[in-house]
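Each chain, letter by letter, is given below.
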Amino acid sequence: MTRLTAERVTVRRGGRAIVDDVSLTLESGSFVGLLGPNGAGKSTLMAALVGLLRPEEGSVLLDGAPIAGMDRRALARTRAYLPQNPRAEWPISVERLVALGLTPQLPVFGPLSGTMQAQVHAAIAQFDLAQHRDQPATTLSGGELARAMLARALVGEPDLLLADEPLAGLDPRHALDGVRRLRGLADDGRLVMASIHELTLAARYTTHVAVMLEGELIAFGPTATTLTSALLAEVFEVNACITGAGTPAAMVDFVAA
Amino acid sequence: MVSRIGWPLAAAVLLTAGILLSLGTGRVWLDPRALIDGIVQPKPNLAWLILAELRVPRTILGLLVGATMGLSGAVLQGLLRNPLAEPGLLGVSAGAALGAVIAIYFGLSAAFFLATPLLGIAGALLAAALTMQLGRGGTLTMILAGAAVSGLMGAGLNLALNFAPNPYAAYEMTTWLLGSLADRDWDQTLLALPFILAGWVCLILTRRDLDALTLGEAQAESLGIDLARTRLLALAGTALAVGAATAVTGAVSFIGLMAPHLVRPFVGHQPSRVLLPSALFGAILLVFADVATKLVPTAQELKLGVLTSLVGAPFFFWLVGRLRRMSP
Amino acid sequence: MNRRTLRSAVLAGAVLVCLPLACLGAARAGRAPEPDSGAHKPQRIMSTNLCSDMLLLMLVPRERIASITYLAHDPVEALLPGADRGVAINHGSAEEVVRDRPDLILASPWSGATMRKLAAQVGAPVAEIDSADSFADIRRIVRQTGRLVGEPARAEALIAGMDRTLARLDANRPARAIDVAVWDGSGSVPGRGTLTDAIIRAAGARNIAAKFPDSRHSSYSLEELLVARPGALMRGTDGYEAPSLRDSAAEHPLIRAAYRDRRVTYPDSLYSCGLPQSADAAARLRAALMKTAAGKVPW
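Residues numbered from 1 in each chain as written. Chains lettered and ligands numbered in written order. Predicted model: local features only at pLDDT ≥ 70, side-chain atom pairs only at ≥ 80, totals over all residues.

A. How the structure looks around the overall build of chain C. Looking only at helices and strands, one finds 14 helices and 11 strands in chain C. Within chain C, buried positions represent 49% of all 299 residues. Contacts spanning at least 24 positions in sequence make up 69% of the contacts within chain C whose residues lie at least 6 apart. (Helix = DSSP H or I, 4+ residues; strand = E, 2+ residues; numbered from the N terminus. Buried ≥ 20, exposed ≤ 12 C-beta atoms within 10 Å, placed from the backbone. Contact = placed C-beta atoms within 7 Å.)

Here it is as structure tokens:
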């Protein structure tokens, strides 16, 4: 059982609070959709939750221990993070890209061990990348790259995965595939958090939603009870109609207010 | 195309050929048999002196400097994820030359024997830090910052040489800006060696971090990489190795740019796997360039940088053209 | 670049820079009156050439010298101590031509036709003095300068003194000529047709660089020097003992070890400027070479 807790986290930029006094607790087995309009502070909160960014006030705790004081590599072995639009800077093969996810497990010198090789192959198979194994990662399509990055993030078997807009730029089929995989990870007992703009996908597949507006966390709870038409109207300033939130048949429709 | 297994063989053959050519050629032609006789005959004899006191140190210096350029180019390109990064283009070489010039012409090296490498390293460090500070924000910004820092360091070099107490200093400008291995001795080579090796160690320690940086800074950091440490190691390693090397030979351009690109396709582009081959090919390129300076029949010695630039500048054009096609 | 061409280039550059300014001064100074004491003996002579500086100091009293170059002081101290006391200096600039109002300018051939024309408008004839590459050149130049400054008899006396020294040197030539080379690390070695070569020959030694007929100043690497194996090395002392890169080649450990007792120094000014004292330089070189180690260098 893993528990990630934000305690009154505040992040300021140029005197303005980008993340304002946010407290929440995430537990393994849940897939938390982080919702909110552009500029609400979702990416900043996520960077603080994974420990890349130290909040001005408050703290982030992993199983009760502040992550600010944790060993970098130990932390990297338990939580994975995918930033917005991750990409490969060099045309390395998909296999090597996925293997980079094992960086925190690697000894200082020496190559990947046999077990690690097996882990890489398993991750490649799990994300249906076998036929792309030797392809340069820079030549993958958007959907393939998203899967390769997920494989990279999960090859080290982390307990937590935080992904910033993992569905951005994906066509409906790949977006659907992606969000299902994230839900599957949560069902396997991991803690998954992803910022998502596709409200219908969020309504169908997330177990919980956290909703941000202007830096504040204005709602957090199980999707079925939290994601309401009133909330969407308040947050996105649209007239929304939502049915069946928290079920695979959920629908979200909206028109301009 | 050389196969992925074939490149170490190719490197070994080229390196051996380069070393033999470097030992076998000079402003004076000596029959290879005479050179070998010189080794076994009673010393001192002419062939032995030329070989042991002139050509061997020159060859070793060439290998050290070339490997330094290739290695630091590969690390800088990996760190900045910028295919145009190299000590010369980032102004590091010019900064090192400036430091060395101040040490030599103003009598500091006469007063303290480590002054030349130390000031070369300080100059390299200053230039590298300045470029990296100014150039954050993309490939082009970094190159522009490098050009500005190069210009500044070049101006400082010019100023220092013109203010130097020795009026002939200004005529040695070309050596500092274009580099030369001519008439260097064992003492100078051995003085630079420990600093160069320390620099290599720092540079090689970044290898895992460079791999992780393939995913960008945020992912690398999330994978447990301490980017501040990585930058420090790369900066210190470049400054130590390039600074000490440049303090002996002057600024040698383009080797650090070419070597990583030449080897990258053969090792699958993974930054950590580029380092060693890039150092090897840097050494090979430099030794061959130096052999060419000895073989081109000019009245005055041709500077090393003339040849590396003749090959390197067209390569640079090609690289810029390729980048323009690839970027949106 | 060797020392002489370096200095010439410095001066020529200085002279060229000043041309536009000379133009400005031309209108006002163009019809300057001739000096009262007659055209034969110029009274305000300006030299813009280091070699002319020293010749001038030997030929005319200080009162008749308007200015000499800023480079002259150190060589003058070595050659004619105190001779330039109270003499103004110039940097070859147009302002200084206007300031000094000379009635004769001694310049080097590098100053160019334009400069001569403009200076003539200011009212100062420009005399171009060649550089000397031989003792015959020295005789010619000393005579030319003597005539220009109105002191032909003094010039002849200087030449006679030089010729006496040369005759004495020639009469007592050493039995065996030592092979020598100038080696200062600049990579440029004076060969056949240079004043340095003439001085070496007058001293009774053999300049190994004279074997290369194609250029007066050959480029030499350490390897070539080792192969040529001169019995002694010469290095100019230029008063600039501050360190430079050339030292590392000139003082290569190999050279230091093999030529410890086989090195002679010479005053640069007497080798770069053809002067009557260049014959004394040859005498001094012979004496210095006598003291170097005998036998062959050890390889």
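B. Quick look at the interface of chain C and chain B. Taken together, the contacts link 24 residues of chain C with 31 residues of chain B. Taken together, the elements giving at least two residues each to the side of chain C that touches chain B come down to helix 10 (222-228), helix 11 (245-250) and helix 12 (253-258) of chain C. Ranked by the residues each element gives to the side of chain C that touches chain B, the list is headed by helix 10 of chain C, at five residues. A per-class count over the side of chain C that touches chain B returns 13 nonpolar, eight polar and three charged. (Nonpolar A, V, L, I, M, F, W, Y, C, P; charged D, E, K, R; others polar.)

C. Expanded view of the interface of chain B and chain A. Of the residues lining the interface, 18 residues belong to chain B; the matching set on chain A comes to 22 residues. Counted by class, the side of chain B that touches chain A contains five nonpolar, eight polar and five charged residues.

D. Highlighting the sheet that holds strand 11 (residues 263-267) of chain C. All names here are of chain C. What the four strands build is an open sheet, ordered 8-6-10-11; its pairing is parallel. Among the strands making up the open sheet, the edge pair consists of strand 8 (206-207) and strand 11. Here five bridges tie strand 10 (residues 232-237) to strand 11, and the two strands are oriented parallel to one another. Its bridge partner lying in strand 11, G236 is registered against Y266. Sheet contacts for helix 14 (residues 278-291): strand 6 (179-182), strand 10 and strand 11; angle to strand 11, the most-contacted strand, approximately 165°. (Pairing = 2+ DSSP bridges. Axes fitted to C-alpha atoms, helices over the stretch in contact; angles between N-to-C directions.)

E. View of the packing of helix 3 (residues 46-80) of chain B against helix 14 (residues 271-295) of chain B. Residue and element names in this part refer to chain B. Taken N-terminus to C-terminus, the directions of helix 3 and helix 14 make an angle of 140°; their axes are 6 Å apart at the nearest point. By crossing handedness, the relation of helix 3 to helix 14 is classed as right-handed. Residue composition of the contact of helix 3 with helix 14, by class: 17 nonpolar, eight polar and one charged. (Left-handed = near helix turned anticlockwise from the far one by under 90°.)

F. Local environment of the pairing of strand 6 (residues 79-82) of chain A. Residue and element names in this part refer to chain A. The two faces of strand 6 match: R79 and Y81 on one face and A80 and L82 on the other face are all buried. Pairing of strand 6 with strand 7 (residues 160-163) involves four bridges; the strand directions are parallel. Within strand 7, the position partnered with L82 by the bridge is A163.

G. Examining unusual backbone geometry more closely. All names here are of chain A. For E165, which is not glycine, the phi torsion reads 50° and is therefore positive. Mapping E165 onto the fold places it in the loop between strand 7 and helix 6 (172-187). Assessed through the 20 C-beta atoms surrounding it within 10 Å, E165 is described here as buried.

H. View of helix 14 of chain B. Residues and elements named next belong to chain B. Here helix 14 spans 35 Å end to end across 25 residues, near enough to the 36 Å set by a 1.5 Å rise per residue. Considering bend angle alone, the principal kink of helix 14 is centred on P277 and spans about 30°. Burial analysis of helix 14 places 20 of its 25 residues in the buried class, which makes it a mostly covered element. (Expected span 1.5 Å × (residues − 1). Bend = angle between axes of the 7 residues up to and from the residue.)

I. Summary view of the pairing of strand 3 (residues 31-35) of chain A. Residue and element names in this part refer to chain A. Where burial is concerned, most of strand 3 is hidden: five out of the five residues are buried. Judged by which residues are buried, strand 3 turns out to be covered on both faces: F31, G33 and L35 on one side and V32 and L34 on the other are all buried. As paired strands, strand 3 and strand 8 (residues 191-195) are joined by four bridges and run parallel to one another. Residue V32 lies in a different strand from strand 8, and its bridge partner there is M193.

J. The nonpolar core, seen in detail. Grouped together as the largest cluster of nonpolar side chains are 189 residues, with contacts concentrated most on V98, A148 and A151 of chain A together with V101 of chain B. Leave out the neighbours within four places in its chain, and A151 of chain A touches V98, A123, I124, Q126, F127 and L129 of chain A. Membership of the second largest hydrophobic core comes to 86 residues, among which are L106, I200, A209 and M234 of chain C. (Core = buried A, V, L, I, M, F, W, Y, C linked by C-beta atoms within 7 Å.)

K. View of the packing of helix 9 (residues 186-204) of chain B against helix 12 (residues 227-249) of chain B. Residues and elements named next belong to chain B. At a minimum axis distance of 7 Å, the contact between helix 9 and helix 12 shows a crossing angle of 160°. With respect to their mutual orientation, helix 9 and helix 12 come out roughly antiparallel. The interaxial crossing formed by helix 9 with helix 12 has left-handed handedness. Between helix 9 and helix 12, the residues in contact are Q188, T189, A192, F195, I196, A198, G199, W200, C202 and L203 and L233, A234, A236, G237, T238, L240, A241, A244, A245, A247 and V248, respectively. Residues that form the contact of helix 9 with helix 12 fall into these classes: 16 nonpolar, five polar and no charged. (Parallel < 35°, antiparallel > 145°, perpendicular 65-115°, else oblique.)

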